[in-house]
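Structural overview
Now for the letters of each chain:
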Amino acid sequence: MKAFVFLAFFSGISTAIGIFISLYFLFIRNEDRFKLQFLSLLFLAISLRIVKSILFFSGISTSLGIALGYFGLASIGPLLWIYIKYVNEAKVKNLHKVEYLHFLPTAIGSILIIIYGDLVASHFYLYTTYLLIFYSIASWIKFLGNHKSTQTLVNWNIMVLITVSVLAGIFVFQYYTDAILNYAIGALLSSILLFLLVLFAIKNPTFFPKLKSTIKTNPKVVGLIKHHLELEKVYLQPSMTLDQFSKQIDVPAYLISRVVKKEYDKTFPEIINYLRIRDVISELTKEESSYTKIETLAYSVGFNTPSTFYTAFKKITGMSPTELQKVSAKEQRNILLSKTKELAILGKV
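Residues numbered from 1 in each chain as written. Predicted model: local features only at pLDDT ≥ 70, side-chain atom pairs only at ≥ 80, totals over all residues. Heavy atoms only, no water.

A few points about the nonpolar core
Judged by nonpolar contacts, the single largest core of 49 residues is most densely connected at Phe 25, Phe 43, Ile 46, Ile 76, Tyr 83, Ile 113 and Trp 156. Counting residues per element, the ones that place at least two in this core are helix H1 (2-27), helix H2 (33-57), helix H3 (63-86), helix H5 (118-145), helix H6 (151-176) and helix H7 (180-203). In terms of residues, this core owes the most to one element, H3, which gives 13 residues. One finds Val 222, Val 234, Tyr 274 and Phe 309 within the second-largest nonpolar core, a separate group that totals 35 residues. (Core = buried A, V, L, I, M, F, W, Y, C linked by side-chain atoms within 4.5 Å. Buried < 20%, exposed > 50% of the residue type's maximum accessible area, 1.4 Å probe, protein only. Helix = DSSP H or I, 4+ residues; strand = E, 2+ residues; numbered from the N terminus.)

A closer look at the packing of aromatic side chains
Scanning the entire structure with this criterion turns up nine aromatic pairs. When the ring of Phe 43 is compared with that of Trp 156, the centres are 6.1 Å apart and the planes differ by 20°; the resulting orientation is stacked. Here Phe 43 is found in helix H2, whereas its partner Trp 156 is found in helix H6, with 113 residues between them in sequence. Owing to a relative accessible area of 0%, Trp 156 belongs among the buried residues under this scheme. Seen from their ring centres, Phe 303 and Phe 309 are 5.4 Å apart, and the 65° between their planes marks the pair as edge-to-face. Comparing Phe 303 with Phe 309 shows no difference in burial state: the two are buried. The rings of Phe 303, Phe 309, Tyr 310 and Phe 313 are connected pair by pair, giving a single aromatic cluster. Above the face of the Tyr 274 ring, Lys 266 is positioned so that its terminal group lies 3.8 Å from the ring centre. (Phe/Tyr/Trp six-rings, centres within 6.5 Å; stacked < 30°, edge-to-face > 60°. Lys NZ or Arg CZ within 6 Å of the ring centre and 35° of its normal.)

Quick word on the pattern of salt bridges
Going through the model one piece at a time under the given rule, you end up with four salt bridges. Lys 226 is the partner of Glu 263 in a salt bridge, and the nearest nitrogen-oxygen pair spans 3.5 Å. Of this pair, Glu 263 sits in helix H10 (residues 253-264) while Lys 226 sits in helix H8 (residues 219-231); the two residues are 37 residues apart in sequence, bridging distant segments of the chain. We classify Glu 263 as partly exposed; its relative accessible area is 35%. The residue Asp 279 makes a salt bridge to Arg 278 at a minimum N-O spacing of 3.2 Å. A relative accessible area of 14% places Asp 279 in the buried class. (Salt bridge = Lys/Arg side-chain N within 4 Å of Asp/Glu carboxyl O.)

Take a look at the structure:
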């Protein structure tokens, strides 16, 4: 008796958590609403099916409860298939009308079970469980054929597929078992799988990468910013900051940051240092500058202190100015390309 109480209690807690995470995906997470709504409904469907198992081994069995469990069971397969099908599609926002036919058996079976109860419920549960196995196999094939996404999302999708596949096996086992304890153990295993999915979801704050902003910037503003950076060489001014640059060219600081990030893939301080270091390297590689003091070059391009210059130089090139001077021009170019992979550092901004 105590075993049944424990199984019912743990299964109930896990199911409640499953419903909570369903609501969490539906109303709180916002990476990709189209995909998250199917994840949410998938969690809810699994939870409903487990609720039916809890009610069954607890001795509470009504046509409405059985129909609710069937509704969850019949929805798992289609929801899994649709989620896996569109998980790597960035631009899809709605289902095709024909895809709603996947849920037709769910609606028909649930209504008939409410009307006829146990007369049809057993058959519907059996056939739909095997249909879930079919959906699981189809989803695995679809996933293996196209799983180009972040490693976190790949791991998550594998966990979802494994969970649903194992659940399908548990549901088949539950159908054919005669012992109520075995049925209860099946419900417990289902709850544990659901609980593990919930833990993974909570530990990973985002699944889907955010789409890059498509806000367009006025080409004249872009040209103005690049002109002052590359031709007017505002970076030669010591202590040049984003606010100072913003006031000089009368362009909002946030707009400058956006343009610099888009055009150079850097922050404003980073591009200032890159341009300064580029000029220093250009001088260091000239034969006549071999007697020029390195610190003098650093001050000439806008650095305030030697330590700041050396730190920036090492970070960008992977070596010290003295080390750079000791290698040949060809080696310098190869080293810089391998270390920085930046055309900007070679004077090709």
